[in-house]
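# Working through the structure, step by step
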Amino acid sequence: MLGSLWLASASNYALWEEIHQLPEVNGLRGLAFTVGFGIIITAALTTLLSFLNWGKLLKPVLTVFFFSAASGAYFMMSYGIVIDSTMITNVIQTDTKEALDLLNWRMLISFGILGVLPSWVLWKTPVKSLRWGQQVIGNIIMAVVSMAVLVGALLAVFQDFSSIMRNHTQLRYLINPLNSYYAIGMVAAKPFQRDNKTLLPLGQDAKLAAAKPNDKPPMLLLVLGETARMGNFGVNGYDRNTTPELAKENIVSLRGVMSCGTSTATSVPCMFSHLGKEAFESRKNNYESLIDVFSHAGLAVLWIDNQSGCKGVCERVPQVLTKELKHPTLCRGGECFDEIMLDQLDERIQALPAERRAKGVVIVMHQMGSHGPAYYKRVPDKFKQFQPECKSNALQECTREQVVNSFDNTILYTDHFLGQAIQWLKKSDNTHATAMLYVSDHGESLGENNIYLHGLPYRVAPDVQKRVPWISWWSANFEKQTGIQSACLKKKVNTPLTHDNYFHSALGLMGISTEVYQAQLDVHADCRNKS
Ligand SMILES: [Zn+2]
């Protein structure tokens, strides 16, 4: 019971702080609600623990509770995140590099106070072992009493409880450590709701439009951005010039695009799926991706990854993982700047099958982009134009100005990277008809309302986590061959679009016909000159 009380109080600091800030929680009635809610959580934890109270098992179980609550508490307090099944999926898919980025002194202190301290007290406390029969009876009594307390407290504050929980859905994701356990349960149950063993084929009928006699094979560069926030791009009207190189090119930048998810693990598979957000989230089966459809159409496809991998969308095409590369200036400590993806690019394309290359080439570059919280690590010194920057991964140790500066530097570097990519495409334009499409996976919070990073449940996430840049560029040659008018696309700058448009728009750029292509979702479809 003392363990439950500790978990419900100290380890739930983030929840209590959030509740304290709610306008409807004030005065005596607010205090009564808060105390009632505290009793509900304590009783719920005691009920759960009474099922796990078997002699020598209790201490390790409680220790796990303390430490899982300590880690949940640290991340919720530091970054304003909440814990749901998406966040657990992100944790599972995080590589050690990303995890090491998060380590800092504050985290160790949190673990010390919320994890080590109660565990130390716990292991010092002698526990009398009971006979099985006594233990069973004791546990049953404990469970029944704590459930009765839970129900009693719930009834006492029910009116406030039900309205507050309904109006502030984020609260339920803050109840620590039950939020983590519930989310882990949801993730573990997923495979039973979906058949993950079979992969259904997609777009096997895909065909390229017949080439005219003097046409060059098309070459499409898809840049998959990371954590880039639409509003922080100079070309999107940001008051800082974060995109000097893009501004010089004949690009089209669409400002009305919403992401599919608020994290890489949810957005990336959804972007490359034909299903669209809603159908993707409730899918019963897994399908091949946009990448496979390009491949079925006979194109040469290459995925270059400067991040934590392609989340299952590129398994069946050649991949280059930059973390295996050594480069004197672009890589250090097993991590590379995004420009590494342009290094030796011609050679890498030459290595793809010749008969496919003759039909056309699709290259995907998965950026490290603006991956936080260590923004300063993503940018070579030359591009750290906005100063002072935040040199810590504990963003709350920096001022907001420093956090925004270091984030803007990552956009400045992405601008340079995209500028370099366009120069490379221009060079390749004598052999191919070249185009680039840059779209980010999700946005980022930079301390607005004390929220940092991304990954909040979609319904409660602020817009800055959901609005993504969508920037395209193509050569005059490409425009002539495909008939897609950039002047027409420019009229759609503020048209509301989503990641649902990505799959079909990318197929549209390559002129691929297949039964899974939907013209009404292709942003280029009505910009194509029919002649
Ligand atoms: Zn991401």
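Anyway, here's the lowdown on the structure attached to this text. Keep in mind the model is a prediction, meaning the values are calculated, not measured.

The next subject is the side chain of Thr63. Inspection of the secondary structure puts Thr63 in helix H4 (residues 58–79). On the basis of relative accessibility, which here comes to 16%, the residue Thr63 falls in the buried class. Beyond its immediate stretch of four places on either side in the chain, Thr63 contacts Ser119, Leu122 and Trp123.

With that settled, consider unusual backbone geometry. Note that the residue after Asn176, namely Pro177, is joined by a cis bond; omega there is -5°. Secondary-structure assignment places Pro177 in the loop between helix H9 (158–167) and helix H10 (178–193). Residue Gln387 is joined to Pro388 through a cis peptide bond whose omega torsion reads -5°. For Pro388, the location among the structural elements is in the loop between strand S11 (361–366) and helix H17 (400–428). Residue Gln344 is not a glycine yet carries a positive backbone phi of 55°. For Gln344, the position within the fold is in the loop between strand S10 (335–336) and helix H15 (345–350). Assessed through its relative accessible area of 44%, Gln344 is described here as partly exposed.

We now examine the environment of Met147. Among the structural elements, Met147 can be located in helix H8 (residues 132–156). Sequence separation between Met147 and Leu45 is 102 residues; the distance between their C-alpha atoms is 9.9 Å.

Burial runs high along strand S3 (residues 218–225): eight of the eight residues are buried. Burial along S3 is two-sided: the residues Pro218, Leu220, Leu222 and Leu224 and Met219, Leu221, Val223 and Gly225 are all buried. Direction of pairing for S3 relative to strand S12 (residues 433–440): parallel, over a ladder of eight bridges. Paired with Gly225 across the bridge in S12 is Ser440. Here six bridges tie S3 to S11, and the two strands are oriented parallel to one another. Bridged to Met219 within S11 is Val361.

The biggest cluster of nonpolar side chains holds 94 residues, and the ones touching the most others in it are Leu15, Phe37, Ile363, Met365 and Met436. With 11 residues, H17 is the single largest residue contributor to this core. In contact with Met436, not counting residues within four places along its chain, are Leu220, Leu221, Val223, Leu418, Ala421, Ile422, Leu425, Ile471, Ser472 and Trp473. Among the nonpolar cores identified, the runner-up in size contains 47 residues, and Leu224, Val439, Trp470 and Cys488 belong to it.

On to the coordination of the zinc ion. The protein atoms that coordinate the zinc ion are Glu226 (OE), Glu226 (OE), Thr264 (OG1), Asp441 (OD) and His442 (NE2), at distances spanning 1.9 to 2.6 Å. When the donor residues of the zinc ion are listed from N- to C-terminus, their spacing reads E-x37-T-x176-D-H.

This paragraph deals with the packing of aromatic side chains. Within this structure, the stated rule accounts for 17 aromatic pairs. Centre to centre, the rings of Trp16 and Phe37 are 5.9 Å apart; their planes meet at 80°, and the pair counts as edge-to-face. With Trp16 in helix H2 (residues 13–20) and Phe37 in helix H3 (residues 27–51), the pair connects residues that are 21 residues apart, well separated along the chain. Accessibility expressed as a relative area gives 19% for Trp16, which makes it buried. Aromatic pair Phe37 and Phe161: ring centres 5.4 Å apart, planes at 80°, arrangement edge-to-face. Residue Phe37 is found in helix H3, and its partner Phe161 is found in helix H9; the two are separated by 124 residues along the sequence. By relative accessible area, Phe161 is classed as buried at 16%. Through a chain of ring-to-ring contacts, the aromatic side chains of Trp16, Phe33, Phe37 and Phe161 assemble into a single cluster. The lysine or arginine in question, Lys277, covers the ring of Tyr458, its NZ or CZ lying 3.8 Å from the ring centre. The ring of Phe280 carries Arg283 above its face, with NZ or CZ at 4.0 Å from the centroid.

Moving on, we come to helix H1 (residues 2–9). Of the residues making up H1, those classed as buried are Gly3, Ser4, Leu7 and Ala8. Buried residues in H1, looked at end-on, bunch into an arc of 130°, giving them a common side. Next to the buried residues of H1 lie H2, H3 and H4.

A few words now on the pairing of strand S7 (residues 300–305). Where burial is concerned, most of S7 is hidden: six out of the six residues are buried. Here S7 shows two buried faces, one formed by Ala300, Leu302 and Ile304 and the other by Val301, Trp303 and Asp305. Pairing of S7 with S11, which is carried by six bridges, proceeds in the parallel orientation. In the strand pairing of S11, Asp305 is matched with His366.

The sheet built from seven strands is open, its strands ordered S4-S15-S12-S3-S11-S7-S8 with mixed pairing. This sheet does not close on itself; its edge strands, each paired only once, are strand S4 (252–254) and strand S8 (319–321). When strand polarity is set aside, the average angle formed by the axes of neighbouring strands in this sheet is 15°. Judged from the five bridges that link them, S12 and strand S15 (residues 470–474) form a sheet pairing that is antiparallel. Paired with Met436 across the two strands is Trp473, which belongs to S15.

Now for the packing of H3 against H4. Two elements in contact, H3 and H4, have axes separated by 10 Å at closest approach and are oriented at 145°. The hand of the H3/H4 crossing is right-handed. Every residue of H4 that contacts H3 at Leu45, Leu48 and Leu49 is listed here: Val61, Leu62 and Phe65. Each residue belonging to the contact of H3 with H4 can be placed in one class, and the counts come to six nonpolar, no polar and no charged.

About the criteria used
- Residues numbered from 1 in each chain as written.
- Predicted model: local features only at pLDDT ≥ 70, side-chain atom pairs only at ≥ 80, totals over all residues.
- Heavy atoms only, no water.
- Helix = DSSP H or I, 4+ residues; strand = E, 2+ residues; numbered from the N terminus.
- Buried < 20%, exposed > 50% of the residue type's maximum accessible area, 1.4 Å probe, protein only.
- Contact = heavy atoms within 4.5 Å.
- Pairing = 2+ DSSP bridges.
- Core = buried A, V, L, I, M, F, W, Y, C linked by side-chain atoms within 4.5 Å.
- Donors = N, O, S within 2.8 Å, 3.2 Å for Na, K, Ca; no water.
- Phe/Tyr/Trp six-rings, centres within 6.5 Å; stacked < 30°, edge-to-face > 60°.
- Lys NZ or Arg CZ within 6 Å of the ring centre and 35° of its normal.
- Arc of directions from axis to C-beta.
- Axes fitted to C-alpha atoms, helices over the stretch in contact; angles between N-to-C directions.
- Left-handed = near helix turned anticlockwise from the far one by under 90°.
- Nonpolar A, V, L, I, M, F, W, Y, C, P; charged D, E, K, R; others polar.

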